[in-house]
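Chain and residue survey
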Amino acid sequence: MKTELVWEGKYDEFGNRREVDVAGSSMPMQKIETIDQPRSEAASKGGEFLLDFEKTTSRNDDFRSRLIWGDNKLVMASLLKEFRGRIDLIYIDPPFDVGADFTMNVPIGDGKETLGKDQSTLEMVAYRDTWGKGTDSYVQMMYERLTLARELLCDSGSIYVHLGWQAVGYIRPILEEVFGRASFRNEIIWKRKTGRGQTNKVPTEFGTQTDSILFFTKSSTNTFITPLKPLKQSYVDKFYRFTDENGRRYRIADLSSPSYRPNLKYEYKGYQPPEKGWAISRTKMEEWDKEGRLQFPANKSGRIQRRRFLDENEGEAVQNLWDDIGIVPPQSDERLGFATQKPEQLLERIVTASSNEGALVADFFCGSGTTGAVAEKLGRRWIMADLGRYAIHTSRKRMIDVQRELADQQKPYRAFDVYNLGRYERQWWQAEYLEGADEEHRKIVLEFFRAEILGSRNRPSPLIHGRKGTALCHVDQIDSIFTRDEAEQVAVATAQAGASECYCLSWEFEMDLRLTVNALEKKHGVRLKLIQIPREIMERNRTAPPPWLEVAVLEAEPVVKQSASGTTVDVKLTNFMPSLAEVPTKELEAIRERAVKSGFDFIDFWAVDFDWDPSRPFNHHWQDYRTRKDRSLSTVSKAEHQYEKPGTYTICVKVVDTFGCDTSITVDVAV
């Protein structure tokens, strides 16, 4: 018999404990971007600048940190092969407010105007649909992830789980079950609100001003360095009331032994020892006397005391009540627009307490990227993951800023890479829930698209899978990219079927496909609408159709200039229309009109790879992006890139809109 937390899904119908399917959740990750902004800036200016950079760089090359887009259960399972038992510290801030409204306002253009942004339903797996079976499904979600987290931690590793009042009572028993009760260290209470403010204003209860941070370790040999905080001025004024001949402030401390020590009962300079003896030896007494650390009373019948100097007090040891760190102020430069964003000071305390320089720190609900930013500044390696595109985009910008800041200060920094699970995540969904059937996949896609499903006997072509009104529908395979060749074949099939329009539904599209499609439409007299399949349809509890929108339109051209130093190349953006996939439906038409008038206002970030190779990840040679302080954005790159030898090169341009959705095209240039 034992006391335990039980929830639906913990045991199977035979009473056996359900294990976390690690093998079935593990899959390869795709590296899609490599980012070393300081080096890229040097490389774009040519060999001499790059050589100087390599001689003076403060970059550490022992590890490339990782920013990963995907379901964190799959991410963690996929990391086990390489990082099992290698992570020193995990901090996670999982969702816990089941009734929260997760819409947010994002600035566009110069920032004077904001638009509402919905989180995609897939992002809300851990936010809203996770509660499909109430608390049971939330607890199961956390159990699986905490189990994987323990496998990733090294023996001296620690995990901090940040929770609100809604979840802490459920998650602590889960942590005790996964890590063991003996591995519990503290429940840290963070007073995030101060003064009279309260976060809930219910007339029948007290306001809530705190969160809980549960601190567990993998073993009893965990790394821990007690953090210190500055002494309060009231404490200094009360106790450090004395000043020596050199102007040093000090306080008086007892020098008697707390227990009887006859060997330390000696007379010193005519002063008699305390009843139980001195706390230090004669040698130490003489040493402290020379250093001015002793306080001698005027009367020989008095007792010698010790001077404790204020300038030697490193601070007050931090206990489990953290009331000295506030939330990120609304006007702070640190503020990035995430409602649940945590202050860097909070993460600094956790990282310095439970890791050493060079340690590996992970956050699998990374949000705005605070954990990675703090880890990088403190000389730690990091891995971050999140399900949300916007979170990955925000974290990418933030980490580039940190790179630049540290490089400018000649402080150590590390390059990082962006990964995603991409088609593997879809393959896992297909194998797990569709039992591997591609026809079932096409059926689900067409049902959510509200299109008629055509059986194999009713299809005018094997490439045509459905009909919506007078238009035909093509659904691409789950693990493929819709290419130029496929677009040509679908256009021919549509024309032969006597239709004038076809929806091309795919998870991914080949770069620069829009320009090819324009030519195909003129050639075959049909219109091809490129529609990206929303990732939301993979969510188990999804019944209502998500928005289906055409892919973003992006056009650019090379800018070639001759100068005394040779030929330089830049890129000019000439047209952009965002996908608007995450705009609230009620605002869609108004925002679409706004985007047609000024599409560039919807660009939040863009980057250029001047020597793109489809077999390699996108390499950031140059980028520009809007920040809270600076809303300006150049539509022409300022890289002045120089190629080592003449030839024809392929440039890749990647744009991320203000909603976090990205699109890319390629441009050829001859130099």
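In case you missed it, the structure is sitting above this.
Right, let's walk through the structure included here. (Residues numbered from 1 in each chain as written. Predicted model: local features only at pLDDT ≥ 70, side-chain atom pairs only at ≥ 80, totals over all residues. Heavy atoms only, no water.)

Quick look at the pattern of salt bridges
Here is the rule we go by: Any Lys or Arg side-chain nitrogen found within 4 Å of a carboxyl oxygen on Asp or Glu counts as a salt bridge. To qualify as a helix, a DSSP run of H or I must reach at least 4 residues; to qualify as a strand, a run of E must reach at least 2; elements of each kind are numbered from the N terminus. Accessibility here uses a 1.4 Å probe with only protein chains present; expressed as a share of the type maximum, an area under 20% marks a residue as buried, one over 50% as exposed, and anything in between as partly exposed.
Counted under the stated rule, the structure contains 41 salt bridges. Two residues, D417 and K31, come together in a salt bridge whose shortest N-O distance is 3.7 Å. A residue pair is termed long-range when its members are at least 10 positions apart, and D417 in strand β18 (residues 416-420) and K31 in strand β1 (residues 30-35) qualify at 386 residues. The shortest N-O distance in the salt bridge between R349 and D324 comes to 2.7 Å. Of this pair, R349 sits in helix α9 (residues 344-354) while D324 is found in the loop between β15 (321-322) and α9, placing the two residues 25 residues apart along the sequence. For R349, a relative accessible area of 9% gives the class buried. Salt bridges here are not isolated pairs; linked through shared partners, they connect R248, E291, R293, D311 and E312.

Quick word on the packing of helix α4 (residues 72-83) against helix α5 (residues 135-152)
Spelled out, the test is: Here the axes come from fitting lines to C-alpha atoms, over the contacting stretch only for helices, and the angles between their N-to-C directions go from 0 to 180 degrees. Under this scheme an angle from 65 to 115 degrees is roughly perpendicular, one under 35 degrees roughly parallel, and one over 145 degrees roughly antiparallel; angles in between are oblique. The hand of a helix crossing depends on one turn: near helix anticlockwise from the far one by less than a right angle means left-handed, and clockwise means right-handed. Any two residues having at least one pair of non-hydrogen atoms within 4.5 Å are treated as being in contact. Basically, the charged four are Asp, Glu, Lys and Arg, the nonpolar ten are Ala, Val, Leu, Ile, Met, Phe, Trp, Tyr, Cys and Pro, and anything else, Gly included, counts as polar.
Two numbers describe how α4 lies on α5: the axes approach to 10 Å, and their chain directions differ by 15°. As judged from the angle between their axes, α4 and α5 are roughly parallel. Where α4 crosses over α5, the two elements pack in a sense that is left-handed. Where α4 abuts α5, its residues N72, K73, M76, A77, L79, L80 and F83 lie against E144, R145, L148, A149, E151 and L152. Across the contact of α4 with α5, the residue classes break down as 8 nonpolar, 1 polar and 4 charged.

Regarding the environment of Y643
Counted only if it meets this: Counted as a polar contact is a pair of N or O atoms within 3.5 Å, where, for protein atoms, one must be capable of donating a hydrogen and the other of accepting one, and residues adjacent in sequence contribute only when both atoms are in side chains.
When you line up the elements, Y643 lands in the loop between β28 (622-625) and β29 (648-657). In this structure Y643 comes out as buried when scored by relative accessible area, which is 14%. Sequence separation between Y643 and N575 is 68 residues, and the spatial gap between their C-alpha atoms is 26 Å. When near neighbours in sequence (up to four residues on either side) are disregarded, Y643 contacts V569, F610, Y649, I651, V669 and V671. One polar contact links the side chain of Y643 to the main-chain carbonyl oxygen of F610, over a distance of 2.5 Å.

Points about helix α6 (residues 168-179)
Just so we agree on the cut-off: Expected helix span is given by 1.5 Å per residue-to-residue step, counting one fewer step than there are residues.
Its 12 residues give α6 an end-to-end C-alpha distance of 16 Å, which sits within 8% of 16 Å, the value for a rise of 1.5 Å per residue. Among the residues making up α6, those that are buried are V168, I171, I174, L175, E176, V178 and F179.

Looking at unusual backbone geometry
Although it is not a glycine, R450 sits at a positive phi angle of roughly 60°. With respect to the element layout, R450 can be found in the loop between α13 (438-448) and β19 (452-453). Even without being a glycine, E640 presents a positive backbone phi close to 50°. Given the relative accessible area of 52%, E640 is considered exposed.

Details of the environment of I32
Along the chain, I32 falls in strand β1. Judged by relative accessible area, I32 falls into the partly exposed class, the value being 27%. Each C-alpha atom, one on I32 and one on L387, is 16 Å from the other, the two residues being 355 residues apart in sequence. Setting aside residues no more than four positions away along its own chain, I32 makes contact with V418, Y419, N420, P617 and F618.

Comments concerning the side chain of T371
Secondary-structure assignment places T371 in helix α10 (residues 370-377). The contacts of T371, once residues within four sequence positions are left out, are Y91, L347, V361, D363 and M384.

Focus on the pairing of strand β23 (residues 527-532)
The cut-off we apply is this: Only strands that DSSP links by at least two bridges are regarded as paired with each other.
Relative to β23, strand β22 (residues 501-506) is paired through 6 bridges, and the arrangement is parallel. When the sheet's bridge partners are listed, C502 is paired in β23 with L528.

Let's talk about the sheet that holds strand β12 (residues 294-295)
Pairing is antiparallel in the open sheet, where 4 strands are placed in the order β10-β11-β13-β12. Where the open sheet ends on each side, the last strands, each with one partner, are β10 (242-243) and β12. Alignment of strand β11 (residues 249-253) against strand β13 (residues 305-309), held across 4 bridges, turns out to be antiparallel. When the sheet's bridge partners are listed, A253 is paired in β13 with R306.

Focus on the pairing of strand β17 (residues 381-386)
Here β17 lies mainly inside the structure; 6 of its 6 residues are buried. Side chains R381, I383 and A385 project from β17 onto one buried face, and the interleaved W382, M384 and D386 project onto a second face that is buried too. As judged from the 4 bridges shared by strand β2 (residues 65-69) and β17, these two strands associate in the parallel manner. Bridged to L67 within β17 is M384. In terms of strand pairing, strand β16 (residues 360-363) meets β17 through 4 bridges, oriented parallel. The partner of A362 across the bridge, within β17, is I383.

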